[in-house]
Amino acid sequence: MGAALQNLDYFAFVILFCIGLHTLVARPNLLKKLLGLNIMETAVFAFIVTSGMVDGGAAPIVDGTVTGPFASPLPQALILTGIVVAVSISALALALIIEIYRQCGTIEADELKGVG
Amino acid sequence: MKRLLAAMVVAAAAIPMFAGVAGLPAPGDAGAPAHTRVAARYVEAGVRETGAQNLVTGVLLNYRAYDTFGEVMVIFAALAAVSAVLSRGPPARRPGEARPQVETSPVVAFVIRLTAPFIAIFGVMVILKGHLAPGGGFQGGVILGALLVLLSVVTGRGLERPLLPAPAARWLQAAGPLAFAVVGLFGLACAGTLLGYPAGPGADMLRAAMMLMLELGIGIGGAAIILWLFLQMRGE
């Protein structure tokens, strides 16, 4: 139980991830599905950046004015990559949603089943 | 029924994740293996090996330059895919449905025009100081891209008369991959590996120039791509 309480931050991110997953699965609207996906991505980014944090640590900029401890630079760099990929996913998904609306006149998944 | 199914999917994802994170070292614990082994190495040798005081930039452009190259290609591919999906096809509105005409507020237009040069200077500074201070190509590129989007809205210039002329924009959108190609081949010539950096104490200027070129390519390319994504989605 002690270990579980220490990791409260991580539990919060799992809950955020689940909120996003539920939006993705349960909502028929394609835009809301995309928002759910974005919430899931945010949860993962927050989780990984938090795992690189050190208590009382400074930003990893080593210019001689600050002496350690420094937060780990690796998760931050990886998540920067991840954010750009998330932007690309959002852009492509939005373009596809626009095209679906042009072709079918709706973006509700359950209505789209009947359009064929 | 559908709700029950959704709840079951969420539960099936949540339970293993809760179990997994409960076993991790506490966040902020400086004794965790990730900090004592991986991060300590970067903090100790990063500045000497990469020449970048900002270790995030050092990791991004030097240790993991391949990852960053991949990321630049991903956003470029996203632009290509969005253009392919949206560039042909009927207009987004059905015939007879008029485009809603909303005039831009003169106050908003004036304030954006007034602040535009300062935003541009800030964006360029974030790009150029990326290896010394918080910032870098992506961040600065997003600032410049947002500025271009704002100006497009205020001046009402869409795809047919874009802020950046189309032939130039095509090259600017490819600035990221092109910068990586040039720096990668240059590294191949001087260090023997693709995207390699010349080693040794005398090569500091050269390494800084290579990183700066990557940052500029990423920043300019990012700004042009963001503007084009916006214009494609707005249409007309």
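Analysis parameters
Residues numbered from 1 in each chain as written. Chains lettered and ligands numbered in written order. Predicted model: local features only at pLDDT ≥ 70, side-chain atom pairs only at ≥ 80, totals over all residues. Helix = DSSP H or I, 4+ residues; strand = E, 2+ residues; numbered from the N terminus. Rg over C-alpha atoms; globule rule 2.2 N^0.38 Å. Buried ≥ 20, exposed ≤ 12 C-beta atoms within 10 Å, placed from the backbone. Contact = placed C-beta atoms within 7 Å. Nonpolar A, V, L, I, M, F, W, Y, C, P; charged D, E, K, R; others polar. Axes fitted to C-alpha atoms, helices over the stretch in contact; angles between N-to-C directions. Parallel < 35°, antiparallel > 145°, perpendicular 65-115°, else oblique. Left-handed = near helix turned anticlockwise from the far one by under 90°. Expected span 1.5 Å × (residues − 1). Arc of directions from axis to C-beta. pLDDT = per-residue confidence, 0-100.

**Quick notes on the overall build of chain A**
Logical step 1: Broken down by element type, chain A carries five helices and zero strands.
Logical step 2: Along chain A, helices and strands appear, N-terminal first, in the series α-α-α-α-α.
Logical step 3: By the compact-globule yardstick of 13 Å for 116 residues, chain A is too spread out, its C-alpha radius of gyration being 19 Å.
Logical step 4: With respect to the three principal axes, the spread of C-alpha positions in chain A is 60 × 40 × 15 Å.
Logical step 5: Among the 116 residues that make up chain A, the fraction classed as buried is 29%.

**Some thoughts on the overall build of chain B**
Logical step 1: Within chain B, the secondary structure is distributed over nine helices and zero strands.
Logical step 2: Starting at the N terminus, the α and β elements of chain B follow one another as α-α-α-α-α-α-α-α-α.
Logical step 3: Computed over the C-alpha atoms, the radius of gyration of chain B is 23 Å, more than 25% above the 18 Å expected from 2.2 N^0.38 for a compact globule of 236 residues.
Logical step 4: Principal-axis analysis of the C-alpha atoms gives chain B an extent of 65 × 60 × 35 Å.
Logical step 5: When each of the 236 residues of chain B is scored for burial, the buried share is 31%.
Logical step 6: Pairs at least 24 apart in sequence give 72% of the contacts found in chain B among residues at least 6 apart.

**Brief notes about the interface of chain B and chain A**
Logical step 1: In this assembly, 48 residues from chain B lie in contact with 46 residues from chain A.
Logical step 2: Mapped onto the side of chain B that touches chain A, the elements with two or more residues apiece are helix 1 (2–22), helix 2 (33–50), helix 3 (55–63), helix 4 (65–86) and helix 9 (204–234) of chain B.
Logical step 3: Class assignment for the residues of the side of chain B that touches chain A results in 37 nonpolar, seven polar and four charged.

**Let's talk about the environment of P60 of chain A**
Logical step 1: Topologically, P60 of chain A is positioned in the loop between helix 3 (30–51) and helix 4 (73–104).
Logical step 2: Taking the number of C-beta atoms within 10 Å as the measure of exposure, P60 of chain A has 29 and is therefore buried.
Logical step 3: Separated by 17 residues in the primary sequence, P60 of chain A and A77 of chain A place their C-alpha atoms 11 Å from one another.
Logical step 4: When near neighbours in sequence (up to four residues on either side) are disregarded, P60 of chain A contacts F70, A71 and P73 of chain A together with V43, L55 and V56 of chain B.

**A closer look at helix 3 of chain B**
Logical step 1: Counting buried positions along helix 3 of chain B yields eight of nine residues, so the element is predominantly enclosed.
Logical step 2: Burial in helix 3 of chain B covers these residues: L55, V56, T57, G58, V59, L60, L61 and N62 of chain B.

**A short note on the packing of helix 4 of chain B against helix 9 of chain B**
Helix packing geometry: the angle between the two helix axes and the distance between the axes.
All names here are of chain B.
Logical step 1: Two numbers describe how helix 4 lies on helix 9: the axes approach to 10 Å, and their chain directions differ by 20°. Compared by their axis directions, helix 4 and helix 9 come out roughly parallel. Relative to helix 9, the crossing made by helix 4 is left-handed. In this structure, helix 4 contributes V72, I75, F76, L79, V82, S83 and L86 to the contact, and helix 9 contributes I218, G221, I225, W228, L229, Q232 and M233.
Logical step 2: Residues of the contact of helix 4 with helix 9, tallied by class, amount to eleven nonpolar, three polar and no charged.

**Comments concerning the packing of helix 2 of chain B against helix 3 of chain B**
Residues and elements named next belong to chain B.
Logical step 1: For the pair helix 2 and helix 3, interaxial distance at closest approach is 10 Å and the crossing angle is 65°. The hand of the helix 2/helix 3 crossing is left-handed. Where helix 2 approaches helix 3, its residues Y42, V43, G46 and T50 are matched on the opposing element by L55, G58, V59 and N62.

**Observations concerning helix 8 (residues 175–191) of chain B**
Residues and elements named next belong to chain B.
Logical step 1: The end-to-end C-alpha separation of helix 8 is 23 Å, in line with the 24 Å expected for 17 residues at 1.5 Å each.
Logical step 2: For helix 8, the set of buried residues is A175, G176, A179, F180 and V183. Relative to the axis of helix 8, the buried residues are bounded by an arc of 125° and lie together on one face. Exposed positions of helix 8 whose direction lies more than 90 degrees from the buried face are L185 and A189.
Logical step 3: Against the buried residues of helix 8 lie helix 4, helix 7 (166–173) and helix 9.
Logical step 4: Just downstream of helix 8, G192 is the residue with a positive phi angle, here 90°.

**Some remarks on unusual backbone geometry**
Logical step 1: Look at L195 of chain B: it is not a glycine, yet its phi comes out positive at around 60°.
Logical step 2: C-beta crowding within 10 Å serves as the criterion here: with 22 such atoms nearby, L195 of chain B is assigned to the buried category.

**Considerations on the confidence of the model for chain A**
Do not read the fine detail of predicted coordinates wherever pLDDT is low.
Logical step 1: Per-residue pLDDT for chain A averages 88, and the proportion of residues at 70 or more is 95%.
Logical step 2: Ranking the elements of chain A by mean pLDDT puts helix 1 (residues 2–6) of chain A last, at 66, and helix 3 of chain A first, at 95.

**Considerations on the confidence of the model for chain B**
All names here are of chain B.
Logical step 1: With 93% of its residues at a pLDDT of at least 70, chain B reaches an overall mean of 86.
Logical step 2: In the model of chain B, helix 2 stands out as the element of lowest mean pLDDT, 83, in contrast to helix 5 (residues 106–128), which has the highest, 93.
Logical step 3: Both confidence scores are given for the complex: pTM 0.87, ipTM 0.86.

**Considering the environment of A224 of chain B**
Residues and elements named next belong to chain B.
Logical step 1: Examined against the element boundaries, A224 turns out to sit in helix 9.
Logical step 2: Judged by C-beta crowding, with 26 C-beta atoms within 10 Å, A224 ranks as buried.
Logical step 3: C-alpha separation for the pair A224 and L144, spaced 80 residues apart in sequence, amounts to 8.5 Å.
Logical step 4: In this view, A224 contacts L164, A169, L172, Q173 and A175; residues no more than four positions away in its chain are not counted.

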